Amino acid sequence: LKAGATIQNLTGTFTDGKRTYYNLFLHGEYRNKTRNKKWDIEANGKFYLAGLNNADFDLYASLKRYISRQIGYAQIGVQNVNRRPSFIFESASSFSLGEQPGFNKENITRFFGSIQNDLHKWELSGSYYLVNNYTYFYDFYKAAQSNAFFNVVEVNAQKIFRVSRHWNWMA
């Protein structure tokens, strides 16, 4: 179990001079591994109390279970991030493309799961994302924000093939 508070001071030199920002945030983490190593629980979070990223947060939780030697491990989890858009969308950024409109906080929720087999060296995983207020560029330099919810499904498969004694092919 870990818990803490952090004061972060950020200083940068911009075209219009030197700027200083700060963040004050709380963070915590919980991990639990059973003695027989069949269950693994992990949860962590960050909450910004004041400063540049005021009211942003990042929450993560996962549960991992050893099934058997033939199947391997199964994992499920969830993550939720609520944050201000990246600094590149700010007019103070060195990469700024002019005055941009004010944006709302982005919110991304991710549900994920995986099966990992160490015996046969393969892994199958998937994630389902729910995204709101996604900030992006269009026409190469104009910034915009999507106010509607949209979702993304991601599926991954990975296998390691032994080609020779010292060569492995990762597909």
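See the structure printed just above.
Residues numbered from 1 in each chain as written. Predicted model: local features only at pLDDT ≥ 70, side-chain atom pairs only at ≥ 80, totals over all residues. Heavy atoms only, no water.

## Description of the overall build of the chain
This is how it is decided: Note on conventions: DSSP H or I runs of at least 4 residues are helices, E runs of at least 2 residues are strands, and numbering of each starts at the N terminus. Both definitions apply: the radius of gyration is a C-alpha atom measure, and the globule rule equals 2.2 Å times residues to the power 0.38. When accessible area is computed with a 1.4 Å probe and restricted to protein chains, residues below 20% of their type maximum are described as buried, those above 50% as exposed, and intermediate ones as partly exposed. In this analysis, two residues are considered to be in contact whenever any of their non-hydrogen atoms come within 4.5 Å of each other. A 1.4 Å probe and the Shrake-Rupley method give the accessible areas. Residues count as covered only by the protein chains that appear here. When charges are counted, Lys and Arg contribute as positive and Asp and Glu as negative, whereas His and the chain ends are disregarded. The atoms used to mark charge sites are NZ of Lys, CZ of Arg, CG of Asp and CD of Glu.
A tally of helices and strands in the chain yields zero helices and eleven strands. Seen in sequence order, the chain has helices and strands lined up from the N terminus as β-β-β-β-β-β-β-β-β-β-β. Taken over the C-alpha trace, the chain has a radius of gyration of 21 Å; the compact-globule value for 171 residues is 16 Å, which it surpasses by more than 25%. Buried positions account for 22% of the 171 residues belonging to the chain. Taking contacts inside the chain between residues at least 6 apart in sequence as the whole, the part at least 24 apart equals 43%. Counting every atom, the chain has about 11,900 Å² of accessible surface; 56% of that belongs to carbon and sulfur. Averaging the locations of the 21 positively and 13 negatively charged side chains of the chain gives two centres separated by 13 Å.

## Some words on the sheet that holds strand S5 (residues 72-83)
For the record, the criterion: DSSP bridges decide pairing: two strands pair if at least two such bridges lie between them. Fitting a line to C-alpha atoms yields each axis, with helices limited to the stretch in contact; the angle taken between N-to-C directions then spans 0 to 180 degrees.
The nine strands lie next to each other as S1-S2-S3-S4-S5-S6-S7-S10-S11, forming an open sheet whose pairing is antiparallel. In this open sheet, the two edge strands, each paired with only one partner strand, are strand S1 (2-14) and strand S11 (168-170). Within the sheet, the average angular offset between the axes of one strand and its neighbour, ignoring direction, is 15°.

## Some words on the environment of Ile-41
Relative to the helices and strands, Ile-41 is located in strand S3 (residues 39-51). Under the relative-accessibility criterion, Ile-41 is labelled partly exposed at 32%. With 126 residues separating them in the primary sequence, Ile-41 and Trp-167 have C-alpha atoms 35 Å apart. When sequence neighbours within four positions are dropped, the list of residues in contact with Ile-41 reads Tyr-30, Arg-31, Asn-32, Ser-62 and Leu-63.

## Observations regarding the pattern of salt bridges
To keep it simple, the criterion reads: We count a salt bridge whenever a side-chain nitrogen from Lys or Arg sits within 4 Å of a carboxyl oxygen from Asp or Glu.
Across all of its chains, the model carries five salt bridges by this definition. Arg-31 is paired through a salt bridge with Glu-42; the nearest N and O atoms lie 3.4 Å apart. Highlighted residues: Arg-31 in strand S2 (residues 17-33) and Glu-42 in strand S3, separated in sequence by eleven residues. Lys-105 is the salt-bridge partner of Asp-56, the closest N and O atoms lying 2.3 Å from each other. One end of the pair, Asp-56, is in the loop between S3 and strand S4 (57-68); the other, Lys-105, is in the loop between S5 and strand S6 (106-117), with 49 residues separating them in the sequence. We classify Asp-56 as buried; its relative accessible area is 3%. Overall, Lys-105 belongs to the partly exposed group, its relative accessible area being 26%. One connected set of salt bridges, linked through shared partners, spans Glu-29, Arg-31 and Glu-42.

## Considering unusual backbone geometry
Glycine aside, a negative phi is what most residues show, and trans is what most peptide bonds show. At Lys-121, a position not held by glycine, the phi torsion is positive, near 55°. Within the element layout of this structure, Lys-121 appears in the loop between S6 and strand S7 (122-132). In this structure Lys-121 comes out as partly exposed when scored by relative accessible area, which is 42%.

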